[in-house]
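Examining the three-dimensional arrangement
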Amino acid sequence: MVEDEHERLARLKSNLQRRALIYEYIRTFFKEQNFLEVETPVRVPAVAPEPYITPFKSEDWFLLTSPELHMKRMLAAGYERIFQFSHCFRSGERGRWHNPEFIMLEWYRKGADYRKIIQDIEQLVLTLAGKLGLKNTIKYRGQDIDISLPWPRVTVRDVFIKFAGWDPVNEHDSLKFDMELVTKVLPGFSKNRPTVLIDYPAPMASLARLKPDNPGIAERAEVFIGGLELANAYSELIDVKEQENRFREAIEQIQRERQQQFAMPRKFLESLARLPECGGVALGIDRLVMLFCDADSIDDVMAFTADTA
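So, here's what we can say about the structure. For every chain, the first residue of the written sequence is number 1, and numbering continues from 1 along that sequence. Where totals are concerned, whole chains, interfaces and linings use all residues; where local detail is concerned, this predicted model gives features only for residues with pLDDT of at least 70, and gives and counts side-chain atom pairs only at 80 or more. Computation of side-chain values covers all heavy atoms of the structure but excludes hydrogens and water.

A closer look at the side chain of Arg90
In this description a helix means any DSSP run of H or I spanning at least four residues, a strand means any run of E spanning at least two, and both kinds are numbered starting from the N terminus. Among the structural elements, Arg90 can be located in the loop between strand E5 (81-89) and strand E6 (101-110). For the buried residue Arg90, which engages in no salt bridge, the nearest side chain bearing the opposite charge is Glu93, 4.6 Å off. A polar contact of 3.0 Å, which involves the side chain of Arg90, links it to the backbone oxygen of Thr65. Categorising residues by exposure relies on relative accessible area from a 1.4 Å probe, with only protein chains included: less than 20% of the type maximum marks a residue as buried, more than 50% marks it as exposed, and the intermediate range marks it as partly exposed. Charge counting follows a simple rule: Lys and Arg are positive, Asp and Glu are negative, and His as well as the terminal groups are ignored. When a carboxyl oxygen of Asp or Glu is within 4 Å of a side-chain nitrogen of Lys or Arg, the pair counts as a salt bridge. Between N or O atoms, a polar contact is any pair within 3.5 Å; within protein, one atom must be a potential hydrogen donor and the other a potential acceptor, and residues adjacent in sequence are included only when both atoms are from side chains.

Some words on the environment of Leu272
Assignment of secondary structure puts Leu272 in helix H7 (residues 266-272). In this structure Leu272 comes out as buried when scored by relative accessible area, which is 1%.

Digging into the pairing of strand E12 (residues 214-225)
In summary, the side chains of a regular strand alternate between the two faces of the sheet. Counting buried positions along E12 gives nine out of twelve residues, so the element sits mostly inside the fold. Here a strand pair is declared whenever DSSP counts at least two bridges between the two strands. Strand direction decides the pairing type here: strand E10 (residues 195-201) and E12, joined by six bridges, are antiparallel. Residue pairing for E12: Leu197 is matched across the bridge by Glu222. In this structure, strand E11 (residues 210-211) lies alongside E12, joined through two bridges in antiparallel fashion. Note on E12: the bridge partner recorded for Lys211 is Asn214. Between the antiparallel neighbours E11 and E12 lie two residues. The sheet contact formed by E12 and strand E13 (residues 228-235) spans six bridges and is antiparallel. Note that in E13 the partner of Ile225 across the bridge is Leu228. Connecting E12 to the next strand, E13, in antiparallel fashion are two residues, including Gly226 with a positive phi near 60°.

Observations regarding the pairing of E6
Buried residues dominate E6, accounting for eight of its ten residues. In the sheet, E5 pairs with E6 via nine bridges, with the strands oriented antiparallel. Note on E6: the bridge partner recorded for His87 is Ile103. Pairing of E6 with strand E14 (residues 278-284) involves seven bridges; the strand directions are antiparallel. When the sheet's bridge partners are listed, Lys110 is paired in E14 with Cys278.

So, in structure tokens, the structure goes:
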């Protein structure tokens, strides 16, 4: 049965009403834990250089790809628990689960590591489900997903050996990793339970710290529910020299592959020496709303997209 325009608009309105409730419940969740809601700039002189994320230029500056750097600068300035709904922009990202402009929910807390942040994510999703009358089960695209705690944790090494037949910790190949994560590993994840993928190879650490007892592995985790990549959590790196070296390598790769000039985020690096031990996460709000609205596409939970703006 083909949905007519009137039905589509009615469904979109219903989804946007639920989206507004989700924002309200998220704010309550964090305020009850003494988090401060903050706002940081959307137009910035430098973004974190990442070879596979292309920022939009805004004159000589950039539109934000993530509020992470400014939020960590706030932690370095003495804030202990902060969260934010941030408009983010990434060029070339458009599809069923992507829009070039999207909303990221990020939060950071002093004294936490990636395992504590995973627990935050679990509690947030479970709390939202309860407030929306779903209890411990989310129905998404014909599947009943049991979100009771704790969610299964699996390591990158274990699932790649199991589903793809190789160990990316000892044999790192970023292109092969990305391709086989999608084609071989993710299809093997449970459709009826969330999956928390932990302990990424060190070359994929980004802004996460390495395990003190195993420097070949980064304290990084990604959360998948119903086939959606929902959140990316770190134990945050606070070593200035290591972070600068990672940024420099990323900038050189970007210049080599995209012939694009990137500035080093100097103000962030200057603040990093004062950053306490902390954990943080970026969670895609649009995908979270998709999950709770049983929506097949990001277009079904946004009032306007790149195609309709």
